[in-house]
Each structure stands twice: as structure tokens, then as C-alpha cells.
Number of protein chains: 2
Amino acid sequence: MGRILYELAGADPARRFSPYCWRIRMALAHKGLEADCRPWRFTEGQSLAFSGQDKVPVLVDGETVVTDSWAIATYLEAAYPDRPLFPGKPAASRFVVSWADTTLNTQLSRLIVSDIPAWLMPEHREYFRTSREARFGMTLEAVTDGREARLPGFRASLAPLRALVRAQPFLGGDQPDYGDYAVFGSLQWARCVSSLPLLEREDPLRGWRDRMLDLFGGLARAAPHCDAD
Amino acid sequence: MGRILYELAGADPARRFSPYCWRIRMALAHKGLEADCRPWRFTEGQSLAFSGQDKVPVLVDGETVVTDSWAIATYLEAAYPDRPLFPGKPAASRFVVSWADTTLNTQLSRLIVSDIPAWLMPEHREYFRTSREARFGMTLEAVTDGREARLPGFRASLAPLRALVRAQPFLGGDQPDYGDYAVFGSLQWARCVSSLPLLEREDPLRGWRDRMLDLFGGLARAAPHCDAD
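Here's a quick rundown of the structure. Everything numeric here is computed off the predicted structure, so don't read it as measured data.

1. Focus on the packing of helix α3 (residues 94–112) of chain B against helix α6 (residues 147–157) of chain B
What describes two packed helices is the angle between their axes and the distance between those same axes. Residues and elements named next belong to chain B. Orientation of α3 relative to α6, taken along the N-to-C sense of each, is 165°, at an axis distance of 10 Å. One element, α3, and the other, α6, form an angle in the roughly antiparallel class. When you trace α3 past α6, the crossing you get is left-handed. Listed contacts from α6 to W99, L104, Q107, L108, R110, L111 and I112 of α3 are R147, R150, L151, G153, F154 and S157.

Now the structure itself:
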């Protein structure tokens, strides 16, 4: 039985830039599971009709279809208990995931959203702009206006991560776990679409990000990305 | 062999208001361990000389002396493995603790620090004011000036907690764990010294806080506190 992961892609099918899809790409690698990672693009919701909804990531594992990154992660842990993704029950790892979903992604979106349309197929740019501008109540350029001035506040909000990677190599301890993938997915999303320098040169978080980029033979490092430095 | 926990106290020895001491008080109750919880006050550093430093919490467990709340928590887990405080290895729970140490406590301090002197013995107020004003570079009243206007930002920063307690009763899942105690310790600190209404009436975090206050026969609810609502 085949295993397929549908991931958000840009005009270049190799440019995958969803933070939630990156979580699952890393989680599959962590488990040592092969998958056919297929590009999916905005407005192609119909092609996911088999999953009963219209968003990626979607995992097809043999006859099982799972949507939503958290549901996929807990499915993988239950179905493939070797090489645990969670240090115990998944519920106990949920805070860091929730922090990435809210504090981290909300801020990142306000820093980089206007960089995204350039990476999309021309026919998807209008959809992206219209749908996101409706959410924000302003143009994408207005959302990110003055973003350099907001970088210090963004970097300050990473204090919980920074304190942790001073004490241990990964959020999960000596080895990465799903918490690492959840947070890294957000930074990888930014790396794939924006040149904004999110971290200062001396930030100890760079060491952690480098360790994440090196995992699984440099899986994430090899992905098409922007040069931020 | 006796077990003693030294905790920060105000003029009323029953008013314990250190977020880090509350973590350990809750952790001991979680483990079902009795302890003589002794009041300790600012400037009494000499009375902790046996511990090789001058800060609370300090746990004396028979012949073992442990300082620093994280070290105490991991000591308790190793020495008393029944009723686990952590879902797996402690390192994996460290993010939520780090978030409470940084994002949460930094903000709370800027909201409530000027309320603290009133609860101290008169001879400790000057020490508290001088040492904290040197850290902040301004008077305590200047630190908390306009705090009502900062409450919406503070409440927004609790988004990761809020999303989590919508999905599960405790941060640890069906049952509380050390992550719950770390975050709760901060809110209990505020509750013991300040009447500032930190949470809105409809905030789902109130339900979680109530569950925490109810634990262990209402241990934290029974502590001397201010009425915030």
C-alpha cells in the first residue's frame, strides 16, 4: 500500500511552504517512513475531496486518510510506535504546538505574508491576496509595513525557546521530537518564502535551527528557500 | 527523616507568593509527599546558607538539600517515581516551564510588582523596592503605570494556553502535570498579591484555573489571596 502526503507548493512544485506540512514531513522522516510527497496548490481543494475537506496536509496511508497536522502526528505515533514522536502521551506535548500555532505563527504571518504571492502560480495570487486581505482587513503590504521595527518584539517573544536551547540541544532534550518539528515548521515556512532576517547573528536559536536543518541528511536544508542572511 | 520546603512569605507567614515555590508546593502534593513548608522572607538569605545559596525554594529531604525549582522537580521525579510529574523525560516538558519563566513571568511582573510591598514586613519593603527598582531602572509605580491598558496584550499572550484548555482539561492532558504547576504558580503568585483582574469573565482559562485551585482538596484556593473579581 502506498503512502502519500499532500503538501502546499508554490509555482515551483519543489517549493513547499506550509508550516503544518513541514511538521509532518519531518515527523515522517523521524519515523523513518517513506512517502510520496505530492504538491498541492491553493484553489485545488477539489482534488482533496476524498478527504472530506479542502486543506493540506493530508496523509493517505494505505486505506487510511488523515487530515489536520495534529491528527496526522498522533495517528503516526499510534500506527508506528517505534521511534516515538512524543515523550509520553501526545497531550502533554501539546503546549509547544499550541504556542507555535498561536504566538509564533500569528507573528510570522504579520512579518512575511506579503512575500508569499511572488512564489505562487499567477492564477493563485489573486485567490491568496483576496482571502488573506479579507482576514487581515487590509492589504498584504499594509500588514507587513514597518516590519523591521517589529523584529525586536518578535525576537523577544522567542525567549522561551532561547532559554531552552541554552540548556539542551533540542526542545525534546537530547533528541528532537514533535515539539521541535512544530516550531521548526514555522521557521522553515518563513525560510522558504522570505528573506527577512528573523534571527540576529548571535542568537543561540541559530544553532538549534542549524541542527534541525541538518536532520535526516539535510532534508529541510535542501528545500528551495530564500537567503535571509 | 523530615522533609522541609522553604517558601517566600509576606508579613503574614501564611501568605506565600513566589511562583517558583508554588510549583514545588503543588508538585509535592501531586506526589502525595508531606512537607513542613516554612516561611522565608527577603533578606533572610543567611538562614539558607546551608544550601550554598540564598534563594527559595529550597527543599530539604532527609539528608538531601536541593535548590532551584526545576532541580527540585526533577529530583522529586527521580526519588519518587510513583505518580509521575512528567509525561516522559523531564527535558521534554521544559518548554512550557520556559514559557512561564520568560513570557508569562516577565509580563506579570510588569503588571503586579507595585502591589507586592504592601504584603511585606515593613523592614523588607525597602530591600524589595531598591533591588527591583534597580532591575527595572524605574520606580515600581512607574513599572505598573497604565497597566490596565496592557491587559489586552497580556491576555492575548495567553493564546497558547487558551487553545490548549479548549481541547483538554489540563496542559498535561486528562490530568495535571508539572507544566500545569509551572504556569499555575505564576497565576497563583499574582492571586496572592494583586487584585488586578488578569482574566476576562468569559475567558476559558478561568475553568482551568478553577480546576487547579480545586486540586488536592483546594490547597491553592485556601491560601491567603486578594479578590481580583
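2. Some thoughts on the pattern of salt bridges
Summed over the entire model, instances satisfying the criterion amount to 28 salt bridges over all chains. Here R38 of chain B and D36 of chain B are joined by a salt bridge, their closest N and O atoms 2.8 Å apart. Where salt bridges share partners, they join E7, R16 and R25 of chain A into one cluster.

3. Points about the relation of the copies chain A and chain B
For these two chain copies, the linking operation is a rotation about an axis paired with a shift along it. When chain A is fitted to chain B, the residual RMSD is 0.0 Å, and the transformation amounts to a turn of 180° plus an axial shift of 0.0 Å. Both chain copies can therefore be described as sitting about a two-fold axis. Closest to the rotation axis within chain A is the C-alpha of G88 of chain A, separated from it by 2.5 Å. A symmetric contact is evident, with 100% of the interface residues of chain A recurring at the interface of chain B.

4. Observations regarding the pairing of strand β3 (residues 58–61) of chain B
All names here are of chain B. Residues of β3 alternate between two faces, with V58 and V60 on one and L59 and D61 on the opposite face, all of them buried. Sheet topology note: the strand β1 (residues 3–8)/β3 ladder contains four bridges and is antiparallel. Note on β3: the bridge partner recorded for I4 is V60. Across four bridges, β3 lies against strand β4 (residues 64–67) in antiparallel orientation. Following the sheet pairing, L59 is matched in β4 by V66. In this structure, the hairpin formed by β3 and β4 is closed by a connection of two residues, where G62 is found at a positive phi of approximately 65°.

Criteria and cut-off values
Residues numbered from 1 in each chain as written. Chains lettered and ligands numbered in written order. Predicted model: local features only at pLDDT ≥ 70, side-chain atom pairs only at ≥ 80, totals over all residues. Heavy atoms only, no water. Axes fitted to C-alpha atoms, helices over the stretch in contact; angles between N-to-C directions. Helix = DSSP H or I, 4+ residues; strand = E, 2+ residues; numbered from the N terminus. Parallel < 35°, antiparallel > 145°, perpendicular 65-115°, else oblique. Left-handed = near helix turned anticlockwise from the far one by under 90°. Contact = heavy atoms within 4.5 Å. Salt bridge = Lys/Arg side-chain N within 4 Å of Asp/Glu carboxyl O. Least-squares fit on C-alpha atoms with pLDDT ≥ 70 in both. Buried < 20%, exposed > 50% of the residue type's maximum accessible area, 1.4 Å probe, protein only. Pairing = 2+ DSSP bridges.

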